[in-house]
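Structural overview
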Amino acid sequence: MNDLYETLDPVLAAPITDERPWAAFAACRERDPDLFFPVTADGEREAIRICRGCPVQLDCLEFALETKVRFGIWGGATEKERRTLQRHIA
Ligand code: SF4
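Described below are features of the structure shown in this document.

**Considerations on the pattern of salt bridges**
Scanning the entire structure with this criterion turns up 2 salt bridges. Here Arg-45 ties to Asp-42 by a salt bridge, and the two come within 2.4 Å at their closest N and O atoms. Here Arg-45 and its partner Asp-42 are both found in helix α2 (residues 41-52), 3 residues apart, which amounts to about one turn of the helix. Across this residue pair, the class does not change: Arg-45 and Asp-42 are exposed.

**Remarks on the site of the ligand**
For the ligand, the set of nearby residues contains 11 residues, the closest of which are Ala-26, Cys-28, Cys-51, Cys-54 and Cys-60. Partitioning the shell around the ligand into residue classes produces 9 nonpolar, 2 polar and no charged.

**Some words on helix α3 (residues 57-67)**
Those residues of α3 that sit buried are Cys-60, Leu-61, Phe-63, Ala-64 and Leu-65. In the core, the buried residues of α3 are packed alongside α4 (79-89). In the segment just after α3, Lys-68 is the residue with positive phi, at about 55 degrees.

Cut-off values and rules
- As a convention, each chain's residues are numbered from 1 in the sequence order in which they are written.
- Local features are withheld for residues below a pLDDT of 70 in this predicted model, meaning they are given only at 70 or higher, and side-chain atom pairs are given and counted only at 80 or more; totals for whole chains, interfaces and linings count all residues.
- No hydrogens and no water enter the side-chain calculation; it runs on all heavy atoms of the structure.
- Each reported salt bridge corresponds to a side-chain nitrogen of Lys or Arg within 4 Å of a carboxyl oxygen of Asp or Glu.
- Here a helix means four or more residues in a row that DSSP labels H or I, a strand means two or more in a row labelled E, and each is numbered from the N terminus.
- Only protein chains enter the accessibility calculation, which uses a 1.4 Å probe. A residue is then buried if its area is under 20% of the maximum for its type, exposed if over 50%, and partly exposed in between.
- We call a residue near a molecule or strand when any one of its heavy atoms sits within 4 Å of it.
- Basically, the charged four are Asp, Glu, Lys and Arg, the nonpolar ten are Ala, Val, Leu, Ile, Met, Phe, Trp, Tyr, Cys and Pro, and anything else, Gly included, counts as polar.
- Between two residues, a contact is recorded if the distance between any of their heavy atoms is within 4.5 Å.

Given below as structure tokens:
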């Protein structure tokens, strides 16, 4: 994972690669990438709401945890939530 992926999107603008074939089914593919880098609590809730309806939420969360993505909402989890999960699985 490079910084370019982190700054572009959770899934949207990054190319679909062999590494993330599930991204083809992502609920965020047609959404504004900025939605997944919210700056308000309302924005955070909206991104999480979309993730909860996403058919590949668990794949996305697993990917974010494995690659230690730092920024944005991934797999329905905030940055803080992913850090907490990381501590529990480390
Ligand atoms: S869980 Fe959220 S960020 Fe991940 S692919 Fe689905 S909609 Fe996109």
